[in-house]
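Commentary on secondary and tertiary structure
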Amino acid sequence: MTNTEHLDLREIDACLFDVFGTVLNWHSTVTRQVARLSKGRLLEGSQDAVDFAEEWRAGYYAYVKRVSQGGEGTSNADIMHREILDDMLTTPRWSHIAEVWGESDREDLTLIWHNLDAYQDTISGLTELKRHVNILALSNGNFRLLLDLAKNQGVPWDGIFSSELFGSYKPNKKVYQSAAYHLSLPPHKIAMVAAHKHDLLAAASVGFKTIYVPRPAEDSHEVRESMRSKENDGEVDLIVKDFEELARLMREARQS
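First, a word on what this report is: a plain description of the structure on this page. (Residues numbered from 1 in each chain as written. Predicted model: local features only at pLDDT ≥ 70, side-chain atom pairs only at ≥ 80, totals over all residues. Heavy atoms only, no water.)

1. So, the overall build of the protein chain
Along the protein chain, the regular secondary structure elements total 11 helices and 8 strands. The globule rule puts the C-alpha radius of gyration for 256 residues at 18 Å, and the 19 Å found for the protein chain is close to it. Residue burial in the protein chain is summarised as follows: out of 256 residues, 53% are buried. Sequence-distant contacts, at least 24 apart, represent 68% of the contacts inside the protein chain between residues at least 6 apart. Approximately 11,300 Å² of the protein chain is accessible, and the part contributed by carbon and sulfur atoms is 47%. Averaged over its 29 positive side-chain charges, the protein chain has a centre that lies 3 Å from the centre of its 39 negative ones. (Helix = DSSP H or I, 4+ residues; strand = E, 2+ residues; numbered from the N terminus. Rg over C-alpha atoms; globule rule 2.2 N^0.38 Å. Buried < 20%, exposed > 50% of the residue type's maximum accessible area, 1.4 Å probe, protein only. Contact = heavy atoms within 4.5 Å. Areas by Shrake-Rupley, 256 points an atom, 1.4 Å probe, with all protein chains shown as cover. Lys, Arg positive; Asp, Glu negative; His and termini not counted. Charge placed at Lys NZ, Arg CZ, Asp CG, Glu CD.)

Quick look at the structure:
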């Protein structure tokens, strides 16, 4: 059983969730859909399709890092995803696809991010968890993108916080602080749930509790294997294998 000695879950009023990679599986969806929309230029299940998806996501990380540190860029993830896509298609690696992807095709590609696969534990775990605590998205996606994701997959949020509303991206501290302000909660009554170490460390820096959920395509294997809870001299308050375990622990804490 996961040890919660250093985190009293009874004190948590709201759990805020990263979405891309933590709640929904961008990797499987984008890899599959870029191949299906490539008009035969990328084979479904091929390494090229995987590389395309991962390069698109790597561009996202570079973009949000720049903007979160005060650099130039949009705070709308749809616009960002399109800008990164267009830049990729100017490179020698992907120029053979650029010639078959016109304006409408590129719009369709950007919309892939609006309908991502849910992990097996996502809906069942969140549905149970919301019986015991408020659950909200806190994501770098723009609001309409997050709304579509929730609607398409039936994600049972109590609310949605988009970093677009706060004028930056995680891991800028003001994103977490703004969420706490709008919840009218002190930071220690909020838990950030994510599959990304950097997200949790940023949340902890403003006083949030932190819950790590390892996902296969998120963080490196070395980071996932090295993550430890504070109980074991690590950096996060709690590590759970999935949302169903988190829901069970929250239920047991409320009943104790």
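2. Observations concerning the sheet that holds strand S8 (residues 238-239)
Two strands in a sheet stick together by hydrogen bonds in their backbones, pointing the same way (parallel) or opposite ways (antiparallel). The sheet built from 6 strands is open, its strands ordered S5-S4-S1-S6-S7-S8 with parallel pairing. Looking along the sheet, the strands with just one partner apiece sit at the ends: strand S5 (159-162) and S8. With 4 bridges joining them, strand S4 (residues 134-139) and S5 adopt parallel strand pairing. Among the inter-strand pairings, Ser139 is bridged to a residue of S5, identified as Ser162. Contacts from helix H11 (residues 243-255) reach strand S1 (14-17), strand S6 (190-194), strand S7 (209-212) and S8, with the element oriented near 170 degrees to S1. (Pairing = 2+ DSSP bridges. Axes fitted to C-alpha atoms, helices over the stretch in contact; angles between N-to-C directions.)

3. Focus: the pattern of salt bridges
Charged atoms that come close allow side chains of opposite charge to pair. Summed over all chains, the structure comprises 21 salt bridges. Close ionic contact of Asp117 with Arg32 constitutes a salt bridge, the shortest N to O distance being 3.0 Å. Of this pair, Asp117 sits in strand S3 (residues 117-118) while Arg32 sits in helix H1 (residues 26-36), and the two are 85 residues apart along the sequence. The partly exposed category is assigned to Asp117, whose relative accessible area is 23%. (Salt bridge = Lys/Arg side-chain N within 4 Å of Asp/Glu carboxyl O.)

4. Quick look at the nonpolar core
The biggest cluster of nonpolar side chains holds 62 residues, and the ones touching the most others in it are Phe17, Val30, Phe52, Trp56, Leu126, Leu129 and Trp157. By residue number, the principal contributor to this core is helix H2 (residues 47-68), which donates 8 residues. Each residue touching Leu129, except ones within four places of it in the same chain, is listed here: Phe17, Ile135, Leu246, Ala247 and Met250. Within the second largest apolar cluster, 22 residues are counted, among which are Leu138, Tyr176, Phe208 and Val236. (Core = buried A, V, L, I, M, F, W, Y, C linked by side-chain atoms within 4.5 Å.)

5. A few points about the pairing of S4
Along S4, 5 of the 6 residues are buried, which leaves the element largely enclosed by surrounding structure. Two elements, S1 and S4, share 4 bridges in a ladder whose sense is parallel. Its bridge partner lying in S4, Phe17 is registered against Ala137. On the question of chirality, the crossover connecting S4 to the parallel S5 by way of helix H7 (residues 143-153) is right-handed. (Right-handed = clockwise from strand over helix to strand, strands pointing away.)

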